[in-house]
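What the coordinates show
Residues per chain are reported as follows:
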Amino acid sequence: DVKVTQSSRYLVKRTGEKVFLECVQDMDHENMFWYRQDPGLGLRLIYFSYDVKMKEKGDIPEGYSVSREKKERFSLILESASTNQTSMYLCASSLHPAGNTEAFFGQGTRLTVV
Amino acid sequence: QQQVKQSPQSLIVQKGGISIINCAYENTAFDYFPWYQQFPGKGPALLIAIRPDVSEKKEGRFTISFNKSAKQFSLHIMDSQPGDSATYFCAAAPRADRGSTLGRLYFGRGTQLTVWP
């Protein structure tokens, strides 16, 4: 079974802190994604990556950056956390960029910024 | 701008009834339409998916109906069960080639389904 693992289920951080959310997948997937999920707004794409060291902005990249130094790991960075970044963050991966294939999600990290 | 519009936002159905969730899109480049199911505390998981070369796909109690000319697709859950209570997301993806946004999905805002016993 494909496994997408997010490093933390719950995080509480202070305003202004630099926050790292880590995601690891174990199936050699090329695509990786970071979404945030908010009630009534669904899943909004922050950033995605289709190869090591490659990244593309999604729909809401402001205030975030990403890093993909290894194929299996995709990190989301909040440069200076703010209260409006309190949310559920979901990482996902999919097999191949040249086909529409199933996306596998991690269990999510619920981030609270105080 | 919402690329995929989903309705209703919430749905309450009696056990044994039919649950219907609708989605609409505008981008004619979309050619893959999956539905994801999310239980509380879990990430979404693929439930069923369809491509526009067919008008219907059925897997057990779950059916996708697809209307290409109307640019609409819907999820039908027959004989709904309390265990089906979850949030459902429709999504769409464009034809994937090296020049496109590779493999990204555009999600609807979700429907919270509650099935009463």
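See the structure printed just above.
Here's what I pulled together on the structure shown here. Just so we're clear, the structure is a prediction, and the values are computed from it rather than from any experiment.

1. Remarks on the interface of chain B and chain A
- Facing the 25 residues of chain B at the interface are 26 residues of chain A.
- Here chain B meets chain A over a buried area of about 2,000 Å², counting both sides, of which 53% is carbon and sulfur.
- Connecting chain B to chain A are one salt bridge.
- Of the charged contacts in the structure, one is a salt bridge between B:Arg104 and A:Asp59, with a shortest N-O distance of 2.9 Å.
- Inspection of the chain B/chain A interface yields four residue pairs in polar contact (both at pLDDT 80 or more).
- Mapped onto the side of chain B that touches chain A, the elements with two or more residues apiece are strand E4 (30-38) and strand E9 (86-94) of chain B.
- For the side of chain B that touches chain A, the leading source of residues is E4(B), giving four residues.
- Across the side of chain B that touches chain A, the residue classes break down as 11 nonpolar, seven polar and seven charged.

2. What to know about the state of the cysteines
- For the structure shown, the criterion picks out two disulfides over all chains.
- Here A:Cys23 pairs with A:Cys91 through a disulfide, and the sulfurs are 1.9 Å apart. On the sign convention where negative means left-handed, the S-S torsion of about -80° between A:Cys23 and A:Cys91 marks this disulfide as left-handed. In this pair, A:Cys23 sits in strand E3 (residues 19-25) while A:Cys91 sits in strand E9 (residues 87-94), placing the two residues 68 residues apart along the sequence.
- Residue classification places A:Cys91 among the buried residues on the basis of a relative accessible area of 0%.
- A sulfur-sulfur separation of 1.9 Å characterises the disulfide bridge that pairs B:Cys23 with B:Cys90. With the S-S bond torsion at -95°, the cross-link from B:Cys23 to B:Cys90 turns out left-handed.

3. Some words on the pairing of strand E4 (residues 31-38) of chain A
Residue and element names in this part refer to chain A.
- Taking burial as the measure, the eight residues of E4 include eight buried ones, the bulk of the element.
- A two-sided burial pattern is seen for E4, the buried positions comprising Asn31, Phe33, Tyr35 and Gln37 on one face and Met32, Trp34, Arg36 and Asp38 on the other.
- Bridge count for E4 against E9 is seven bridges, and the pairing is antiparallel. Within the sheet, the bridge partner assigned to Phe33 lies in E9 and is Ala92.

4. Here's the deal with the sheet that holds E3(A)
Residue and element names in this part refer to chain A.
- With antiparallel pairing, four strands are arranged side by side in an open sheet as E1-E3-E8-E7. The open sheet has two edge strands with one neighbour each: strand E1 (4-6) and strand E7 (64-70). Averaged over all neighbouring strand pairs, the angle between strand axes comes to 20°, with direction disregarded.
- Where E3 and strand E8 (residues 73-78) come together, six bridges link them in antiparallel fashion.

5. Some thoughts on the sheet that holds strand E7 (residues 62-67) of chain B
Residues and elements named next belong to chain B.
- Across the sheet, five strands lie side by side as E1-E3-E8-E7-E6; this open sheet has antiparallel pairing. Edge positions in the sheet fall to strand E1 (4-7) and strand E6 (56-59), since each has one partner strand and no second. Ignoring strand direction, the axes of neighbouring strands in this sheet form an average angle of 15°.

6. Points about the pattern of salt bridges
- Inspection of every chain in the model, using the stated rule, returns eight salt bridges over all chains.
- A:Lys53 is the salt-bridge partner of A:Glu69, the closest N and O atoms lying 2.4 Å from each other. With A:Glu69 in strand E7 and A:Lys53 in the loop between strand E5 (42-49) and strand E6 (56-57), this pair connects stretches of sequence that are 16 residues apart.
- Under the relative-accessibility criterion, A:Glu69 is labelled exposed at 52%.
- With a relative accessible area of 58%, A:Lys53 lands in the exposed category.
- A salt bridge links B:Lys57 to B:Glu59, with the shortest nitrogen-to-oxygen separation between them at 3.7 Å.
- The structure contains a network of salt bridges with shared partners spanning A:Arg36, A:Asp38 and A:Arg44.

7. As for the packing of aromatic side chains
- Taken as a whole and judged by the stated rule, the model has 18 aromatic pairs over all chains.
- Ring geometry for B:Phe89 versus B:Phe107: centroids 6.3 Å apart, planes at 85°, classification edge-to-face. With B:Phe89 in strand E9 and B:Phe107 in strand E10 (residues 106-107), this pair connects stretches of sequence that are 18 residues apart.
- What makes B:Phe89 buried here is its relative accessible area of 2%.
- Given the relative accessible area of 6%, B:Phe107 is considered buried.
- Each residue in the set A:Phe33, A:Tyr35, A:Phe48, A:Phe105, B:Tyr36, B:Phe89 and B:Phe107 is aromatic and connected to the rest through ring pairs, giving one cluster.
- Just above the ring of B:Tyr106 sits the side chain of B:Arg104; from NZ or CZ to the centre is 3.8 Å.

Criteria and cut-off values
- Counting restarts for each chain, with residues numbered from 1 along the sequence as it is written.
- Just so you know, chain letters begin at A and ligand numbers begin at 1, following the order they were written in.
- Reporting of local features is limited, given that this is a predicted model, to residues whose pLDDT is at least 70; pairs of side-chain atoms are given and counted only at 80 or more, and all residues count toward the totals for whole chains, interfaces and linings.
- Excluded from the side-chain calculation are hydrogens and water; included are all heavy atoms of the structure.
- We call two residues contacting when some pair of their heavy atoms lies within 4.5 Å.
- Here the buried area means the combined drop in accessible surface, using a 1.4 Å probe, for two parts upon being joined, counting both sides.
- The salt bridge definition used is simple: a Lys or Arg side-chain nitrogen within 4 Å of an Asp or Glu carboxyl oxygen.
- Whenever two N or O atoms come within 3.5 Å, that pair is a polar contact, provided that in protein one can donate a hydrogen and the other can accept it, and provided that, for residues adjacent in sequence, both atoms are side-chain atoms.
- By definition, any uninterrupted DSSP run of H or I lasting at least four residues is a helix, any uninterrupted run of E lasting at least two residues is a strand, and each is numbered from the N terminus.
- Any residue that is not Ala, Val, Leu, Ile, Met, Phe, Trp, Tyr, Cys, Pro, Asp, Glu, Lys or Arg is counted as polar, Gly included; the first ten are nonpolar and the last four charged.
- Disulfide assignment relies on a single distance test, namely cysteine sulfur atoms paired within 2.5 Å.
- When a residue's accessible area, from a 1.4 Å probe over protein chains only, is under 20% of the maximum for its type it is buried; when over 50% it is exposed; and in between it is partly exposed.
- By definition, two strands form a pair when at least two bridges between them are found by DSSP.
- All axes are obtained by fitting lines to C-alpha atoms, using only the stretch in contact for helices, and the reported angles, taken between N-to-C directions, cover 0 to 180 degrees.
- For Phe, Tyr and Trp, where Trp contributes only its six-membered ring, two rings pair if their centres lie within 6.5 Å, and the inter-plane angle classes them as stacked under 30 degrees, edge-to-face over 60, or tilted in between.
- We call a charge positioned above a ring when the Lys NZ or Arg CZ atom is no farther than 6 Å from the ring centre and deviates by at most 35 degrees from the ring normal.

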